[in-house]
Amino acid sequence: MRSALTYLYVPGDVPERFDKALASGTDAVVLDLEDAVTAANKDHARATVAEWVASCDPGDVQIWVRVNPGPLQEDDIRAVLHPNLTGIWLPKVSSAGEIEQAGILLGGSSAVVSPLIETAAGVFAALEIARAPRVKFLQIGEVDLAADLGVDGSAEALSFARAQVVAASVAAGIDPPPAAVSRNFRDADAFEADTRTLAGLGFVGRACIHPAQLAPVRTVFVPSETEVREAKELLADLERATSGVAVDSKGFLIDEAVARTARRVVARAAARESIST
């Protein structure tokens, strides 16, 4: 499965937006049965999403469903399970056991799981959750997490949780986490700057709530031609070196740690090029 950069949320009870989201240019559509749907509309949303998942033609777009926690979860998973389904987003996960229970419901399907870390318990269990079967990548539900922690949701207040989730992902060998949603879809420059900050913390890609957010996310995470050229030049400089270190054209030291970052840039550019062709 290719890695996505943009994940576009759609409320599960607004079916007129489903096909629009699929055609928006996003890498993944996330049909939301949880926070975007009122309690009175849960059953209707589940049936609506299940019908669309089974009948849509996703092409190269990933199809995810964010299910509900608690008693509704089993019905949600059973309803949406279909070959078109890429996987489920599992909210408020605090232990690996919750992933295992979801895996039992997914049975022999190829569907994967993305747990959302939204509690203090989840933060401290991030590594065991990341190592659970079927986990593709972790995420942080920052609004819920801030409420659980009793903090203001600022970058400073969430810095420990963000670092914990990124480090757990690397240690478990799964995909890096996409950044959490931002309610800001009117100020593209501010959204892009915030996304760039999160990229520097180790997040790759971002969950979006509006199509206007897709382009800024791609600007941040798809390497530019200049970035790719500089990365390739750096790798060439190191390859020509007679020892394990070299000096680049700007006079900076290059070693294997620097080269790993450069290889990541080249690999991400190649991956996006293969998708576009």
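Residues numbered from 1 in each chain as written. Predicted model: local features only at pLDDT ≥ 70, side-chain atom pairs only at ≥ 80, totals over all residues. Heavy atoms only, no water.

### Examining the packing of helix H7 (residues 142-149) against helix H8 (residues 155-172)
The condition that has to hold: Helix axes use the C-alpha atoms of the stretch in contact, all axes being lines fitted to C-alpha atoms, and the angles between their N-to-C directions lie in the range 0 to 180 degrees. Working definition: helices are DSSP H or I runs of at least four residues, strands are E runs of at least two. Numbering for both runs from the N terminus. In these notes the angle categories are as follows: under 35 degrees is roughly parallel, over 145 is roughly antiparallel, 65 to 115 is roughly perpendicular, and the rest is oblique. Here a crossing is taken to be left-handed if its near helix is turned anticlockwise relative to the far helix by less than a right angle, and right-handed if that turn runs clockwise. The criterion used for residue contact is that any of the two residues' heavy atoms lie within 4.5 Å. Polar here means any residue other than Ala, Val, Leu, Ile, Met, Phe, Trp, Tyr, Cys and Pro, which are nonpolar, and Asp, Glu, Lys and Arg, which are charged; Gly is therefore polar.
Between H7 and H8, whose axes approach to 11 Å, the crossing angle comes to 115 degrees. Between H7 and H8, the interaxial angle falls into the category roughly perpendicular. Considering only the axes of H7 and H8, their crossing is right-handed. Taking contact as the criterion, the partners of Glu142, Leu145 and Ala146 in H7 are, on H8, Leu158, Ala161 and Arg162. For the contact of H7 with H8, the per-class residue count stands at four nonpolar, no polar and two charged.

### Description of the side chain of asparagine 68
Rule in force here: N or O atoms closer than or at 3.5 Å make up a polar contact, with two conditions inside protein: a donor-capable atom paired with an acceptor-capable one, and, for residues adjacent in sequence, both atoms drawn from side chains.
Here asparagine 68 shows up in the loop between strand E3 (62-66) and helix H3 (73-80). From its side chain, asparagine 68 meets the backbone oxygen of leucine 33 in a polar contact 3.0 Å long. The residues touching asparagine 68, leaving out its near neighbours within four places in the chain, are Leu33, Glu34, Lys42, Gln73, Asp76 and Pro91.

### Some thoughts on H3
Rule in force here: Partly exposed residues are those whose accessible area sits between 20% and 50% of the maximum for their type, while under 20% is buried and over 50% is exposed, using a 1.4 Å probe and protein chains only. Here the arc refers to the directions that run from the helix axis out to each C-beta atom.
Buried within H3 are the following residues: Gln73, Asp76, Ile77 and Val80. Take H3 and look down its axis: the buried residues cluster within an arc of 95 degrees, on one side only.

### Section: the pattern of salt bridges
Test applied: Basic side-chain nitrogens of Lys or Arg form a salt bridge, by our definition, when they fall within 4 Å of a carboxyl oxygen of Asp or Glu.
Scanning the model with the defined rule gives 15 salt bridges in all. For arginine 46, the salt bridge goes to aspartate 76, with nearest N and O atoms at 2.7 Å. Placement of the pair is arginine 46 in helix H2 (residues 42-55) and aspartate 76 in helix H3, with a sequence separation of 30 residues. Judged by relative accessible area, which is 1%, aspartate 76 ranks as buried. One network of salt bridges, in which partners are shared, links Asp32, Glu34, Asp35, Arg66, Lys92 and Asp144.

### Quick word on the sheet that holds strand E5 (residues 112-117)
Short version of the rule: We call two strands paired when DSSP finds no fewer than two bridges between them.
Across the sheet, which stays open at both edges, the seven strands sit in the order E6-E5-E4-E3-E2-E1-E7 with parallel pairing between neighbours. The open sheet has two edge strands with one neighbour each: strand E6 (139-140) and strand E7 (206-208). Summarising the sheet, strand E1 (residues 6-11) and strand E2 (residues 28-32) pair through five bridges and their orientation is parallel. Bridge pairing in E2 places proline 11 opposite aspartate 32.

### Points about the pairing of E1
A regular strand carries its side chains on alternate faces of the sheet. Most of E1 sits inside the fold, with six of its six residues counted as buried. Of the two faces of E1, the one carrying Thr6, Leu8 and Val10 and the one carrying Tyr7, Tyr9 and Pro11 are both buried. With three bridges connecting them, E1 and E7 associate as parallel partners. Bridge pairing in E7 places tyrosine 7 opposite alanine 207.

### Re helix H10 (residues 214-221)
Within H10 the residues assigned to the buried category are Leu214, Pro216, Val217, Val220 and Phe221. Buried residues in H10, looked at end-on, bunch into an arc of 165 degrees, giving them a common side. Considering only its buried residues, H10 is in contact with E1, helix H9 (188-200) and E7.

### Things to note about the environment of aspartate 187
Inspection of the secondary structure assignment puts aspartate 187 in the loop between H8 and H9. Measuring from C-alpha to C-alpha, the distance between aspartate 187 and glycine 12 comes to 26 Å, with 175 residues separating the pair along the chain. At 3.0 Å, the side chain of aspartate 187 forms a polar contact with the backbone nitrogen of alanine 190.

### Points about the nonpolar core
Looking at soluble globular proteins, one finds that nonpolar side chains tend to be buried together. Note the following rule: Think of a nonpolar core as a cluster: buried Ala, Val, Leu, Ile, Met, Phe, Trp, Tyr and Cys residues, connected wherever their side-chain atoms sit within 4.5 Å.
Core analysis: the largest hydrophobic core is formed by 60 residues, its most contacted members being Leu31, Val65, Ile88 and Leu138. Isoleucine 88 has contacts with Trp64, Val65, Val67, Ile77, Ala102, Leu106, Val112, Val113 and Ser114, leaving out every residue within four places of it along the chain. In terms of nonpolar packing, the next biggest core, distinct from the first, is built from 11 residues, Tyr9, Val30, Trp89 and Leu116 among them.

### A word on the UniProt feature "domain: HpcH/HpaI aldolase/citrate lyase" (unreviewed entry) in the protein chain
Our working definition: UniProt positions are given in the numbering used here, feature names are shortened, and annotations may be inferred rather than shown by experiment.
Sites flagged by UniProt as "domain: HpcH/HpaI aldolase/citrate lyase" (unreviewed entry) map to residues 7-211. Annotated as residues 7-211, this span is 42% helix and 15% strand, and its ends, taken at the C-alpha atoms, are 10 Å apart.

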